[in-house]
Amino acid sequence: MKIKVVKKPKTKIIKKIKKKIKNSNQLELIFKYNKNNNIKKHNKDLSFNYSNTVNSISRIFLSSFALISFFYIMPLFISFAEKNFYTKEFKNNSKIILAYTLNKQNENKENTKSQSEEDLLFDIFSLNDLESDTVRLSASTIKQLFEDTDYNLKDIRKKKLVKPVALTLLPQEIKMIENTKKRKEFFIQIVLPLIIKENNNIRIDRNNLFKIINKSNNTNLEKQWLGKKYKQYGVVLGDLSSLKIRMDEIPVSLAIAQAAKETGWGTSRFAQEGNALFGQWTWSGEGLKPKEAKAGEGHKVMKFNVLQASVRAYQRNLNTHSTYRDFRRARAELRDLGKPLDSLELSKYLNKYAETGNQYVEVLQKIIKQNKLKDFDDAKLLPSSGDLESLI
């Protein structure tokens, strides 16, 4: 039996083969397309991630730069604003009362301000001109003088009596006294009689003022004296209420504390070279330029011929300058209540005396407490031989 073999035509086989080839080509194309798409997608992802990274770094850099610039520029801006927009509120102008000259260089200026300043400090000019060629005593000589006159703080605290030892200059050797307690006591012994003496002058004027006020009719001499005091305290003619508030004493303990703070207990250059116990300023007069002063700053620390003139100028400053209006009001309230002038209470109103503000007040109160300066508030100055001679 023969098996019949049926052969398929070649054309059909070829078609099948071509179809297979076509299919495989399509698969290859699909694979290549997918591969290319994956590569492009991967590259796109890499590009996107790189772009994000660069953007993040840029943002961080810009933020850091902005932050650094802010902290650098803000202090400059604040300083500029303080100088140009907030001068009245922040700048310490409390010592400008002495922004004139003690050597009378501006004597020819005819304006109300300079004239009022001359009236305000005429007696300080006079006192400052009394002794221009004073002799500076050494610390050892002064100590011997104190011993010879039996002048010591221990007795003063008990008896409340102060010997009238009036020195014109501070000894240079005071800064060489190593014992802090002894140096402080030595400084107090020097300035205490000067402060009490100026308070005595004010007390005498105040008593005269109340006598005149209580009289129905005043003599020509009393009227002249009153007119002089109006000018001296910078008060409008006839304003007795303001004159009573301004013409008053400064607590001794407060004055000592401020002198100690301003001079470093008598060791500062201003105190040694210029008798400046309280650091008053001047722009036109004779003075000492602060070493740390900037080129644009023109003020100097006022220089005096004698220590007494410095004390008087300090008291006139507190009694007349507008910065210390609250200080004077608080003092007047204590007077009205019949209370003693409390240095710790009144010191609260001297926060504008120095640029450190309330910190300055805290330092003053600490000096008063630690050195028991209130013991000297009710001390009396014994009369000098000159005073006794004038009474005979």
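Here goes a summary of the coordinates provided. Since this is a predicted model, take the numbers as computed values, not measurements. (Residues numbered from 1 in each chain as written. Predicted model: local features only at pLDDT ≥ 70, side-chain atom pairs only at ≥ 80, totals over all residues. Heavy atoms only, no water.)

What the chain contains, in helices and strands, is 16 helices and five strands. A burial count over the chain gives 37% of its 392 residues as buried. Put simply, 69% of the contacts in the chain that link residues at least 6 apart link residues at least 24 apart. In the structure as shown, the chain presents an accessible area of about 25100 Å², 55% of it carried by carbon and sulfur atoms. (Helix = DSSP H or I, 4+ residues; strand = E, 2+ residues; numbered from the N terminus. Buried < 20%, exposed > 50% of the residue type's maximum accessible area, 1.4 Å probe, protein only. Contact = heavy atoms within 4.5 Å. Areas by Shrake-Rupley, 256 points an atom, 1.4 Å probe, with all protein chains shown as cover.)

On to the side chain of Arg206. Within the fold, Arg206 resides in helix H7 (residues 180-213). Polar side-chain contacts of Arg206 include one of 2.8 Å to the backbone oxygen of Lys244. Leaving out residues up to four positions away in the same chain, Arg206 has contacts with Lys244, Met247, Asp248 and Arg335. (Polar contact = N/O pair within 3.5 Å; in protein donor to acceptor, adjacent residues only side chain to side chain.)

Per the stated rule, a full pass over the model turns up six aromatic pairs. Ring geometry for Phe187 against Trp265: centres 5.9 Å apart, planes inclined by 80°, an arrangement best described as edge-to-face. With Phe187 in helix H7 and Trp265 in the loop between helix H10 (252-263) and helix H11 (269-274), the pair connects residues that are 78 residues apart, well separated along the chain. Here Phe187 matches Trp265 in class, with each residue buried. For Lys143, the ring lying beneath its charged end belongs to Phe186, and the centroid distance is 5.8 Å. The side chain of Arg316 reaches across the aromatic face of Tyr233, ending 5.4 Å from its centre. (Phe/Tyr/Trp six-rings, centres within 6.5 Å; stacked < 30°, edge-to-face > 60°. Lys NZ or Arg CZ within 6 Å of the ring centre and 35° of its normal.)

Our focus in this paragraph is helix H8 (residues 220-232). Between its first and last C-alpha, H8 extends 18 Å over 13 residues, near the 18 Å set by a 1.5 Å rise per residue. Residues of H8 that are buried: Glu222, Trp225, Leu226, Gly227, Lys229, Tyr230 and Gln232. Phi turns positive, to about 65°, at Gly234, one or two residues after H8. (Expected span 1.5 Å × (residues − 1).)

Following the criterion strictly, the structure yields 16 salt bridges and no others. With its nearest N and O atoms 3.5 Å apart, the salt bridge here joins Lys160 to Asp378. On the criterion of sequence distance, the pair formed by Lys160 in the loop between helix H6 (153-159) and strand S1 (161-162) and Asp378 in the loop between helix H15 (358-370) and strand S5 (380-381) is long-range, its members being 218 residues apart. Looking at Lys160, the relative accessible area reads 22%, which means it is partly exposed. When salt bridges that share partners are traced, they join Arg203, Arg206, Asp248, Glu249, Arg331 and Arg335 into one network. (Salt bridge = Lys/Arg side-chain N within 4 Å of Asp/Glu carboxyl O.)

Here the focus is H7. Taking 1.5 Å of rise per residue, the 34 residues of H7 would be expected to cover 50 Å, and the 48 Å separating its terminal C-alpha atoms lies within 8% of that figure. At Val191, H7 shows its maximal kink, close to 30°; a proline, Pro193, follows between one and four residues later. With a side-chain oxygen lying 3.0 Å from the backbone nitrogen of Lys181, the N-terminal cap of H7 falls on Asn179. (Bend = angle between axes of the 7 residues up to and from the residue.)

Looking now at the nonpolar core. Phe187, Leu192, Ile256, Leu277 and Phe376 are the most contacted members of the largest nonpolar core, which has 54 residues in total. Of all elements in the fold, only helix H5 (139-148), H6, H7, H10, helix H12 (307-320), helix H13 (325-336), helix H14 (343-346) and H15 reach the threshold of two or more residues within this core. Broken down by element, the residue count for this core peaks at nine residues, all from H7. Every residue in contact with Ile256, bar those within four places of it in the chain, is listed here: Phe187, Ile188, Val191, Leu192, Ile195, Leu373 and Phe376. Ranked by size, the runner-up nonpolar core spans 10 residues in total, among them Trp225, Tyr233, Val235 and Leu243. (Core = buried A, V, L, I, M, F, W, Y, C linked by side-chain atoms within 4.5 Å.)

A separate point is the packing of H7 against H10. Running from amino to carboxyl end, H7 crosses H10 at an angle of 130°, the nearest separation of the two axes being 10 Å. In terms of orientation, H7 and H10 fall into the oblique class. Relative to H10, H7 is oriented so that their crossing is right-handed. Side by side, H7 and H10 meet where Phe187, Ile188, Val191, Leu192, Ile195, Ile196 and Asn199 of the first sit next to Val252, Ala255, Ile256, Ala259, Ala260 and Thr263 of the second. (Axes fitted to C-alpha atoms, helices over the stretch in contact; angles between N-to-C directions. Parallel < 35°, antiparallel > 145°, perpendicular 65-115°, else oblique. Left-handed = near helix turned anticlockwise from the far one by under 90°.)

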